[in-house]
Number of protein chains: 2
Amino acid sequence: MLAAAREAFAERGFDGASIRLIATAAGVDPALVHHYFGSKDKLFLAAIEAPADPEELLPELLAGGPADLGARVVRLLLQVWDGPGRAAGLALVRSAVTNEWTARLLREFLVSQVLGRVVGTLGLPRAEGEARGSLVASQLIGVVMARYVLRVEPLASASAEELVAAVGPTIQRYLTGDVDLPGVVAPTT
Amino acid sequence: MLAAAREAFAERGFDGASIRLIATAAGVDPALVHHYFGSKDKLFLAAIEAPADPEELLPELLAGGPADLGARVVRLLLQVWDGPGRAAGLALVRSAVTNEWTARLLREFLVSQVLGRVVGTLGLPRAEGEARGSLVASQLIGVVMARYVLRVEPLASASAEELVAAVGPTIQRYLTGDVDLPGVVAPTT
């Protein structure tokens, strides 16, 4: 079931793969998939062995409104990665960098489970939300790479709050600030 | 010779590994290493199979002064990665993510060959330069990961100048802006 799910999510993306399609590919009844995993989100998290469940972690973060959102996003990222999620996170990144299919799965995870939810609260037009989300992704992935993979100092040894203070404003600018967005036509002035 | 160089640079860092030490480990005369590679920088680039030679590319970028430096750094990164350097760059990133020793080499490359040179032109105290450099590294590595490895849209398909416009200000802020820097005690006000 998980193998069929990985293949479907990688090939069709999160939105394009249905539980029915995955069940058919696995040769089981869709009700069984629902029974074991509950929802497509949960099936997806299990399929990619996600380091954390954004559906559990994000609501509190998002309830705080947009004003300090950048800082809260960085804080949550570090909470997962400085905590028990690191091993699974590193395994996912390693696999994504060496395997095109896992790269697609990790991208779908970021876009559909994390960025879509965070940017979704801002009520932006779709193209603008995607552009802001992809910029947020670039800084967050970069923090993970610099801190946990390459261990560039002093970023690698910095406290979580030091990084929140340094990187939070970047995320905030990408989310709500004045940015020339790729793929988005600027309003005529 | 290259194997001995990789080992020495990974174990001792760029500054700690000398040509004499590498030559001894390889069982050859230091003069031979100089003859083949010319300098420790060039030997290092050959050892890690670097996608580009920062010593060739950076002087022009750095000659432009600090005002627009962030945009120029992003432009140069994309020039290398959207051009012939991408295959070697991807190979290096893949290897760094799966192999602790290559991770150390890539970190040394970034710190000693790229960030040290860029931040070095700003005349900052050492700790501040390293802190700013590590933040710059986090955003640049993240752009590489989001654009070339995970291919998060619209960042993956954006033109180089669109990314310069969106990400350049982040790099500029990390280089010269008002940032709470990790590991750097803020001046008393």
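Our subject is the structure listed above.
All of these numbers come straight from a predicted model, not from anything done at the bench.

Structural notes on the overall build of chain A
Inference 1: Across its full length, chain A holds 10 helices and 0 strands.
Inference 2: Mapped from its N terminus to its C terminus, chain A presents α and β elements in the order α-α-α-α-α-α-α-α-α-α.
Inference 3: With the principal axes as the frame, chain A shows a C-alpha extent of 50 × 45 × 30 Å.
Inference 4: Per-residue burial for chain A yields a buried fraction of 51% across its 189 residues.
Inference 5: Residue pairs in contact within chain A that sit at least 24 positions apart in sequence constitute 66% of those at least 6 positions apart.
Inference 6: For chain A, the exposed area adds up to about 8,500 Å²; of that, 54% sits on carbon and sulfur atoms.

Re helix α10 (residues 160-176) of chain A
Inference 1: When the terminal C-alpha atoms of α10 of chain A are compared, their 22 Å separation across 17 residues agrees well with the 24 Å that a helix rising 1.5 Å per residue should span.
Inference 2: Remark: the principal bend of α10 of chain A, roughly 40°, maps to V167 of chain A, with a proline, P169 of chain A, within the next four residues.
Inference 3: Summarising the contacts, the buried residues of α10 of chain A are in contact with α6 (69-81), α8 (100-120) and α9 (126-149) of chain A together with α9 (126-149) and α10 (160-176) of chain B.

Topic: the layout of surface pockets
Residues and elements named next belong to chain A.
Inference 1: Quantified by volume, the largest pocket comes out at close to 530 Å³.
Inference 2: Within the residue set of the lining of the largest pocket, elements represented by two or more residues are α1 (2-16), α8 and α9.
Inference 3: Looking at which element gives the most residues to the lining of the largest pocket, the answer is α8, with 8 residues.
Inference 4: Of the residues that constitute the lining of the largest pocket, the class distribution is 7 nonpolar, 8 polar and 8 charged.

Quick word on the side chain of R173 of chain A
Inference 1: Among the secondary structure elements, R173 of chain A is positioned in helix α10.
Inference 2: In this structure, R173 of chain A is buried with no salt-bridge partner, the nearest side chain bearing the opposite charge being D180 of chain A at 7.2 Å.
Inference 3: What R173 of chain A contacts, discounting residues up to four positions off in sequence, is R132, D178 and V179 of chain A together with A165, A166, P169 and T170 of chain B.

Details of the interface of chain B and chain A
Inference 1: Every contact between the two is made by 42 residues of chain B and, on the other side, 42 residues of chain A.
Inference 2: Carbon and sulfur atoms make up 67% of the surface buried where chain B meets chain A, a total of about 3,500 Å² over both sides.
Inference 3: The three residues of chain B that bury the most area against chain A are V97, L150 and P182 of chain B, which together make up 17% of that side's buried surface.
Inference 4: The tally of links between chain B and chain A comes to 2 salt bridges.
Inference 5: Across the pair E100 of chain B and R151 of chain A runs a salt bridge, and its minimum N-O distance is 3.8 Å.
Inference 6: Remark: the boundary between chain B and chain A carries 18 residue pairs in polar contact (both at pLDDT 80 or more).
Inference 7: Mapped by element, the contributors of at least two residues to the side of chain B that touches chain A are α7 (86-98), α8 (100-120), α9 and α10 of chain B.
Inference 8: Counting residues per element, the side of chain B that touches chain A draws most heavily on α9 of chain B, which supplies 12 residues.

What to know about the side chain of T102 of chain B
Residue and element names in this part refer to chain B.
Inference 1: Of note, T102 is situated in helix α8.
Inference 2: Engagement of the side chain of T102 in a polar contact is seen with the side chain of S95, the distance being 3.0 Å.
Inference 3: Setting aside chain neighbours within four positions, we find T102 in contact with L92, S95 and A96.

Examining the packing of aromatic side chains
Inference 1: Taken as a whole, this structure holds 8 aromatic pairs over all chains when the rule is applied.
Inference 2: Measuring from centroid to centroid gives 5.7 Å for F9 of chain B and F14 of chain B, while their planes differ by 15°, and the two rings are stacked.
Inference 3: For F9 of chain B, a relative accessible area of 0% gives the class buried.
Inference 4: Ring plane angle 55° and centroid distance 5.3 Å describe the contact between F14 of chain B and F44 of chain B, whose orientation is recorded as tilted. One end of the pair, F14 of chain B, is in helix α1 (residues 2-16); the other, F44 of chain B, is in helix α4 (residues 40-48), and 30 residues separate them in sequence. Here F14 of chain B matches F44 of chain B in class, with each residue buried.
Inference 5: Taken together, the aromatic side chains of F9, F14 and F44 of chain A make up a single cluster linked through ring pairs.
Inference 6: Here K40 of chain A stacks its cationic end above the ring of F14 of chain A, 4.6 Å away from the centre of that ring.
Inference 7: Taking NZ or CZ as reference, R104 of chain A lies 5.5 Å from the ring centre of W101 of chain A, over its face.

The rules behind the values
Residues numbered from 1 in each chain as written. Chains lettered and ligands numbered in written order. Predicted model: local features only at pLDDT ≥ 70, side-chain atom pairs only at ≥ 80, totals over all residues. Heavy atoms only, no water. Helix = DSSP H or I, 4+ residues; strand = E, 2+ residues; numbered from the N terminus. Buried < 20%, exposed > 50% of the residue type's maximum accessible area, 1.4 Å probe, protein only. Contact = heavy atoms within 4.5 Å. Areas by Shrake-Rupley, 256 points an atom, 1.4 Å probe, with all protein chains shown as cover. Expected span 1.5 Å × (residues − 1). Bend = angle between axes of the 7 residues up to and from the residue. 1 Å grid on protein atoms, 1.4 Å probe; cavity = no way out; pocket = protein on both sides within 12 Å on 5 of 7 lines; lining within 4 Å. Points joined across faces, edges and corners; volume = space filled by probe spheres on them. Nonpolar A, V, L, I, M, F, W, Y, C, P; charged D, E, K, R; others polar. Lys, Arg positive; Asp, Glu negative; His and termini not counted. Salt bridge = Lys/Arg side-chain N within 4 Å of Asp/Glu carboxyl O. Buried area = accessible area lost by both parts, 1.4 Å probe. Polar contact = N/O pair within 3.5 Å; in protein donor to acceptor, adjacent residues only side chain to side chain. Phe/Tyr/Trp six-rings, centres within 6.5 Å; stacked < 30°, edge-to-face > 60°. Lys NZ or Arg CZ within 6 Å of the ring centre and 35° of its normal.

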